[in-house]
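Summary of the model geometry
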Amino acid sequence: MAERHDPLRGACKDFEQDLILYYYQDCAGIERRRVESHLVSCASCRRFLEELQSLLPATVKSDEPSPAFWQSYSREIRARLVTADEKSRWWDAISFPFRPWPVPAVATALVLAVALTLTFTKGRWPFHQTPPQERELVEMASVTDNLDFFNSFDFLDSMDLLEAVEGKEMQKSETSHQPL
Amino acid sequence: MVSSRPEESGDEELVTSAQRGERQAFEVLVDRYKQKAYRIAFDFTRDREEAKDLSQEAFLQAFSHLKGFDRRASFYTWFYRILVNLCLDYRRRRGRISWESLDERTEKGNGLDKIANPAPSPDQQAMGEELSRRIGAALATLPPKQRAVFLLKNHQGLSISEIATVMKAAEGTIKAHLHRAVMALRQRLTELA
């Protein structure tokens, strides 16, 4: 790979990222060997790596609080956990009917109850009582439908009649054209 | 059920017990990870009280959402994600922090304790404080994600794949963030020198 050296950055551009991972020992196998073989021949990258080794540990600002701090920490977090636990138990009790599983369960039970009621009480429930006037209208409508039906029969009869007449005429014409 | 000594139980076992409602099991997890949680929160805030609040808040959120923890990652990774998100939110809420004042607050302490390091000479102390101030200022200029990746790598020693899991990002993205963060820090510290 080409070594493009940037005097401001101090390391070869193509190796910068790998050198950082190499410093953190988070580069393995082929990448590691590639970096190591490059370091042998490149003084700039060696300087860059040395710089990382002196700069990066200095950025860690450690803070080691005393045991008193940790005791207070544990007391506080326990108290906060107790409060959170009590709150969640109370909320669980309140929200129980609205949880995802009871809703479909209740809906299914209701549907089943309605279905069973309808099955076992069939015929006992006057679901649709038609007023007398409407009933007459319905009866008249059915008679009208029947009339239309019979009218269509009349039409068929007339068709038969026509066919019969046509047949007779055909016979006549055939006999008149027969050779003597 | 957690064994007779919950402190000896594994994370998985403790999580199972806590998911069943045993708060004491979760308290063992808190004891196990409180120092690590505090340290990462401190890396982000550089303030003892803020770090304590943020890390405790992360434990509380983990406790509240424990029933939704699906075990695709380890408890620690899952908890880390909650903590890092809280730290990033904290950074967004607070904007850029006056690192100088925070360093002063940390070094003076809150009266409870002192940093447990052997006392340096006045010269060493002054140089150390100056370097710390510069580093704080340089870190403060990093974009939140670059800063988070840098802190998780440099301060917490997480691997690239662990950071990728915590931050829900591709490893390549994490490497790029780390690269940019290190280069920016190097440049800022050189400018300040």
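This write-up is about the structure you can find in this document. The shown structure was predicted, so the numbers you read here are calculated from the model rather than taken from an experiment.

Below, the discussion takes up the overall build of chain B. Tallying secondary structure elements over chain B gives nine helices and zero strands in all. Reading the secondary structure of chain B in the N-to-C direction produces α-α-α-α-α-α-α-α-α. Taken over 193 residues, chain B has a buried fraction of 50%. In chain B, once contacts between residues fewer than 6 apart in sequence are set aside, the share between residues at least 24 apart is 62%. Accessible surface, chain B: about 9,400 Å² in total, of which carbon and sulfur atoms supply 49%.

Attention now moves to the layout of surface pockets. Estimates place the volume of the second largest pocket at around 380 Å³. Around the second largest pocket, the lining is made up of 15 residues, and of these Asp85 and Ser88 of chain A together with Phe63, Ser64 and Lys67 of chain B lie nearest the centre. By residue number, the principal contributor to the lining of the second largest pocket is helix H4 (residues 67-95) of chain A, which donates seven residues. For the lining of the second largest pocket, the residue count by class is five nonpolar, four polar and six charged.

Turning our eyes to something else, we now look at the interface of chain B and chain A. Of the residues lining the interface, 51 residues belong to chain B; the matching set on chain A comes to 38 residues. Counting the surface lost from both chain B and chain A, the interface buries some 4,300 Å², and carbon and sulfur atoms represent 58% of this. A per-residue breakdown of the area chain B buries against chain A is headed by Gln56, Leu60 and Arg186 of chain B, which together make up 15% of the total. Summed over the shared surface of chain B and chain A, the number is nine salt bridges. Salt-bridge contacts for Arg186 of chain B lead to Glu51 of chain A; the nearest nitrogen and oxygen are separated by 2.5 Å. Of all the secondary-structure elements, those providing two or more residues to the side of chain B that touches chain A are helix H2 (23-45), helix H3 (48-64), helix H5 (99-108), helix H6 (122-140), helix H7 (144-155) and helix H9 (171-192) of chain B. In terms of residues, the side of chain B that touches chain A owes the most to one element, H2 of chain B, which gives 11 residues. Of the residues contributing to the side of chain B that touches chain A, the split by class is 21 nonpolar, 11 polar and 19 charged.

Residue and element names in this part refer to chain B. One non-glycine residue, Arg46, adopts positive backbone phi at about 60°. When you line up the elements, Arg46 lands in the loop between H2 and H3. According to the relative accessible area criterion, Arg46 is buried, its value standing at 2%. Not every positive phi belongs to a glycine, and Lys168 is a case in point at roughly 50°. We classify Lys168 as exposed; its relative accessible area is 66%.

Rules behind the numbers
- Residues numbered from 1 in each chain as written.
- Chains lettered and ligands numbered in written order.
- Predicted model: local features only at pLDDT ≥ 70, side-chain atom pairs only at ≥ 80, totals over all residues.
- Heavy atoms only, no water.
- Helix = DSSP H or I, 4+ residues; strand = E, 2+ residues; numbered from the N terminus.
- Buried < 20%, exposed > 50% of the residue type's maximum accessible area, 1.4 Å probe, protein only.
- Contact = heavy atoms within 4.5 Å.
- Areas by Shrake-Rupley, 256 points an atom, 1.4 Å probe, with all protein chains shown as cover.
- 1 Å grid on protein atoms, 1.4 Å probe; cavity = no way out; pocket = protein on both sides within 12 Å on 5 of 7 lines; lining within 4 Å.
- Points joined across faces, edges and corners; volume = space filled by probe spheres on them.
- Nonpolar A, V, L, I, M, F, W, Y, C, P; charged D, E, K, R; others polar.
- Buried area = accessible area lost by both parts, 1.4 Å probe.
- Salt bridge = Lys/Arg side-chain N within 4 Å of Asp/Glu carboxyl O.

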